[in-house]
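# Breakdown of the fold
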Amino acid sequence: MLLSTMRTVAFAAAAFLADFDLASAETWRGLTVAPEHRCSPYNRSRDYRYSQSVEDEIVKLIGSVYGPYTGRCFASTSETDIEHIVATSEAHDSGLCTRDRATRKRFASDLRNLTLASPTVNRSEKGAYDAAQWLPERNRCWFAARVVEVRQAYGLTIDKSEAAALEQVLSECVSTAMERLECHVETGRDRQTRAVIGPEGVADALARFDDNGNGQITCKEARRHGIAPVDKSHPAYRFMHDADGDGVVCE
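These notes cover the structure that comes with them. (Residues numbered from 1 in each chain as written. Predicted model: local features only at pLDDT ≥ 70, side-chain atom pairs only at ≥ 80, totals over all residues. Heavy atoms only, no water.)

Let us now look at the pattern of salt bridges. Oppositely charged side chains can pair when the atoms bearing their charge come close. Enumeration according to the criterion identifies 15 salt bridges in this entry. The shortest N-O distance in the salt bridge between Arg 29 and Glu 167 comes to 2.9 Å. Taken together, the residues Arg 29 in the loop between β1 (27–28) and β2 (31–32) and Glu 167 in helix α8 (residues 160–170) connect sequence positions 138 residues apart. A relative accessible area of 41% means that Arg 29 is categorised as partly exposed. Here Arg 38 makes a salt bridge to Asp 93, at a shortest N to O gap of 2.7 Å. (Salt bridge = Lys/Arg side-chain N within 4 Å of Asp/Glu carboxyl O. Helix = DSSP H or I, 4+ residues; strand = E, 2+ residues; numbered from the N terminus. Buried < 20%, exposed > 50% of the residue type's maximum accessible area, 1.4 Å probe, protein only.)

The following block contains the structure:
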C-alpha cells in the first residue's frame, strides 16, 4: 500500500513537473530551488532535541487528540507520536546543516512544524519522506501549505520534485485550513462523535455531505461519510430531519 502510494505521488509530481516549468526555476513560492545537500553530519539526538511537553501544546493547538493526516481521533496521546511535518533530517539537508545548534533546537520544537500521528504513520509510512515521496490521506492542502510556511520561516531550500508535488496540491486548494475533528467519548456508550470545525463551518456541511445537491443531508449520506450518528453539535445536523427531536439523527 505504501509503495503504491509513493509511486502515485512520484508519478503525479513528475507529470506535473512536465507542465509546471521548474526545470529552470531558481525560486518557487519564495523558496530557493536546489538539490538536498548534507553539508554537516546529522545527529538528531544531539541537535534536534525537544521536550515531551510540546505534546500538550500540540493538543491545545489542534483542540483534541487528533491526527490530521488520517482524520482519526485517539483516546489519549499514549496512542500518538509527536510528528514533524518537515522531517528534521529533511530540514537538515535543506539548509539547517549550516545553522547553529540553537536554530536546530528551535526548529525541532516549533509548533508550526509539529502535529500528532499514529506510530504507524509516523515511523513506518511518512518517516523522513518529503512531499514528493509521501502525502497524507487527509488535510493535504493544510499539509502542503504548512510545509511551505515552515521552509520559508527557516530559509530552507526545496528540491524540484517536492516543489512540483506541493504545487500540484496547492493549485487545487480552496482552503488550506486544517479540517479538525472535536473528539470526545460519550458517557455510557464509549463512542467517539465527530464535529467538523473550521473557517467554512456550517456552510461547508452541504458541500461535504449533501451528495445529491438537494439542500438536505440524509442518513444514507451521513453514513457514507462516516459521521452518523449525527448530534446537534455537528454542522450537518441543521440540514437533517430529527423526527423524534432528541438532538441525534441516524442513531
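Having seen the model, we can carry on.
A few words on the side chain of Arg 104. In this structure, Arg 104 sits in helix α5 (residues 101–109). Within the local environment of Arg 104, its side chain forms a polar contact with the backbone oxygen of Cys 97, the two atoms lying 3.0 Å apart. What Arg 104 contacts, discounting residues up to four positions off in sequence, is Ser 40, Asp 47, Tyr 48, His 92, Leu 96, Cys 97, Thr 98 and Arg 99. (Polar contact = N/O pair within 3.5 Å; in protein donor to acceptor, adjacent residues only side chain to side chain. Contact = heavy atoms within 4.5 Å.)

Moving on, we come to the state of the cysteines. Applying the stated rule across the entire model yields three disulfides. Disulfide partner of Cys 39: Cys 97, at an S-S distance of 2.0 Å. With the S-S dihedral at roughly 110°, the linkage between Cys 39 and Cys 97 falls on the right-handed side. Taken together, the residues Cys 39 in the loop between β2 and α2 (44–47) and Cys 97 in the loop between α4 (88–92) and α5 connect sequence positions 58 residues apart. Residue classification places Cys 97 among the buried positions, given a relative accessible area of 7%. Disulfide pairing is shown between Cys 141 and Cys 173; the S-S distance is 2.0 Å. (Disulfide = S-S within 2.5 Å.)

Its location among the elements puts Ser 64 in the loop between α3 (54–62) and β3 (66–67). Considering only alpha carbons, one finds Ser 64 and Thr 77, 13 residues apart in sequence, at a separation of 9.7 Å.

If you look at the biggest cluster of nonpolar residues, it comprises 44 residues, and the most contacted ones within it are Trp 28, Tyr 69, Leu 96, Phe 107, Phe 143, Ile 158 and Leu 166. Among the elements of the structure, α3, α5, β6 (114–117), α7 (140–153) and α8 are those that each provide at least two residues to this core. The leading source of residues in this core is α7, at six residues. Within the second largest apolar cluster, eleven residues are counted, among which are Ala 205, Ala 222, Val 230 and Ala 236. (Core = buried A, V, L, I, M, F, W, Y, C linked by side-chain atoms within 4.5 Å.)

Moving on, we get to the pairing of strand β5 (residues 81–84). Of the two faces of β5, the one holding Asp 81 and Glu 83 and the one holding Ile 82 and His 84 are both buried throughout. Relative to β6, β5 is paired through four bridges, and the arrangement is antiparallel. Bridge pairing in β6 places His 84 opposite Leu 114. (Pairing = 2+ DSSP bridges.)

Let's shift gears to the packing of aromatic side chains. Summed over all chains, the structure comprises six aromatic pairs. With 5.7 Å between their ring centres and 85° between their planes, Tyr 69 and Phe 143 make a pair best called edge-to-face. Taken together, the residues Tyr 69 in the loop between β3 and β4 (72–73) and Phe 143 in helix α7 connect sequence positions 74 residues apart. A residue is classified by how much of its surface remains accessible, and Tyr 69, at 2% relative accessible area, is buried. Three or more aromatic residues joined by ring pairs form one cluster here, namely Tyr 69, Trp 134, Trp 142 and Phe 143. (Phe/Tyr/Trp six-rings, centres within 6.5 Å; stacked < 30°, edge-to-face > 60°.)

Fair warning: the whole summary comes from geometry, so function is off the table for now.
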